Amino acid sequence: MVEQISIFAENKKGSMREITELLTKNDLNIYCAITNDSAEYGIVRLLVDETERAYQLLRENGFTCKISRVIGVKIPDNVGSLNRLLTDVEDSNINLDYLYVSYSREDSTPLAILHAPGYAEVEACLVSRGYEIL
């Protein structure tokens, strides 16, 4: 199981650095970071080494955030592997809310991070199709 922290952040100069500085000063390692923004606010999604501790620290320092379960799927490091995963997802009638790609630090393998309703069903479907889930 992979847990992600989603942080609601004001879209202003220095916002992202405030988050990374807070985590850095508290010896929390960021494995992956992705941002989505609008004119005034954005969502910062993080995978970190200690999710619960990072979440509590962020909340204590005034950040609005939540922990979400996401699915980490290892995919081969070759042309078309993400497309194959997405084809299998579509063929299984799974609707993804969002996805992003990172790398597994353990074995330098590409890692697709998926968020979808029905976490357990999606995970079971992907395992049945031969995917390795974190």
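In this text, all values refer to a predicted model and were calculated from it rather than measured experimentally.

All right, on to the overall build of the chain then. Looking only at helices and strands, the chain features 4 helices and 7 strands. Walking the chain from its N terminus toward its C terminus, one meets helices and strands in the order β-α-β-β-α-β-α-β-β-α-β. Principal-axis analysis of the C-alpha atoms places the extent of the chain at approximately 40 × 30 × 25 Å. Counting only contacts in the chain whose residues sit at least 6 apart along the sequence, the fraction spanning at least 24 positions is 65%. Of the roughly 7800 Å² of accessible surface on the chain, 46% is carried by carbon and sulfur atoms. For the chain, the centre of its 13 positive side-chain charges and the centre of its 21 negative side-chain charges are spaced 5 Å apart.

Further remarks concern the pairing of strand β3 (residues 41–48). With 6 of 8 residues buried, β3 lies mostly within the body of the structure. In this structure, strand β1 (residues 2–10) lies alongside β3, joined through 6 bridges in antiparallel fashion. Considered in β3, the bridge of Ser 6 is made with Arg 45. Inspection of the sheet shows strand β2 (residues 30–37) paired to β3 by 7 bridges, in the antiparallel sense. Following the sheet pairing, Asn 36 is matched in β3 by Ile 43.

Turning our eyes to something else, we now look at the side chain of Ser 102. Assignment of secondary structure puts Ser 102 in strand β5 (residues 98–103). Setting aside residues no more than four positions away along its own chain, Ser 102 makes contact with Tyr 31, Cys 32, Thr 109, Pro 110 and Leu 111.

Another aspect to go through is the pattern of salt bridges. Within this structure, the stated rule accounts for 6 salt bridges. Put simply, Glu 21 and Arg 17 hold a salt bridge, and the shortest N to O gap is 2.5 Å. Of the two residues, Glu 21 and Arg 17 both sit in helix α1 (residues 15–25), 4 residues apart, roughly one turn of that helix. Between Lys 74 and Glu 132 there is a salt bridge, and its shortest N-O distance comes to 3.6 Å. Linking Lys 74 in strand β4 (residues 64–74) with Glu 132 in strand β7 (residues 132–133), this pair joins segments that are 58 residues apart in sequence. Three or more residues are tied together by salt bridges with common partners; here these are Arg 17, Glu 21 and Lys 25.

Right, let's get into the packing of α1 against helix α2 (residues 51–60). Where α1 contacts α2, the two axes come as close as 11 Å, and the packing angle between them is 125°. In terms of orientation, α1 lies oblique with respect to α2. Relative to α2, α1 is oriented so that their crossing is right-handed. For the pair α1 and α2, the contacting residues are Ile 19, Leu 22 and Leu 23 in the first and Ala 54, Leu 57 and Leu 58 in the second. In the contact of α1 with α2, the residues fall into 6 nonpolar, no polar and no charged.

For the rest of this paragraph, the subject is helix α4 (residues 119–128). For α4, the complete set of buried residues consists of Tyr 119, Val 122, Cys 125 and Leu 126. Projection of α4 onto a plane perpendicular to its axis shows the buried side chains occupying an angular sector of 135°, all on one side. Opposite the buried face of α4, by more than 90 degrees, sit the exposed residues Glu 121 and Ser 128. Looking at the packing, one finds that the buried side of α4 touches β1, β4, α3 (81–91), β6 (110–115) and β7. Gly 130 sits one or two residues past α4 and shows a positive phi near 95°.

So, how was this worked out
- Residues numbered from 1 in each chain as written.
- Predicted model: local features only at pLDDT ≥ 70, side-chain atom pairs only at ≥ 80, totals over all residues.
- Heavy atoms only, no water.
- Helix = DSSP H or I, 4+ residues; strand = E, 2+ residues; numbered from the N terminus.
- Contact = heavy atoms within 4.5 Å.
- Areas by Shrake-Rupley, 256 points an atom, 1.4 Å probe, with all protein chains shown as cover.
- Lys, Arg positive; Asp, Glu negative; His and termini not counted.
- Charge placed at Lys NZ, Arg CZ, Asp CG, Glu CD.
- Buried < 20%, exposed > 50% of the residue type's maximum accessible area, 1.4 Å probe, protein only.
- Pairing = 2+ DSSP bridges.
- Salt bridge = Lys/Arg side-chain N within 4 Å of Asp/Glu carboxyl O.
- Axes fitted to C-alpha atoms, helices over the stretch in contact; angles between N-to-C directions.
- Parallel < 35°, antiparallel > 145°, perpendicular 65-115°, else oblique.
- Left-handed = near helix turned anticlockwise from the far one by under 90°.
- Nonpolar A, V, L, I, M, F, W, Y, C, P; charged D, E, K, R; others polar.
- Arc of directions from axis to C-beta.

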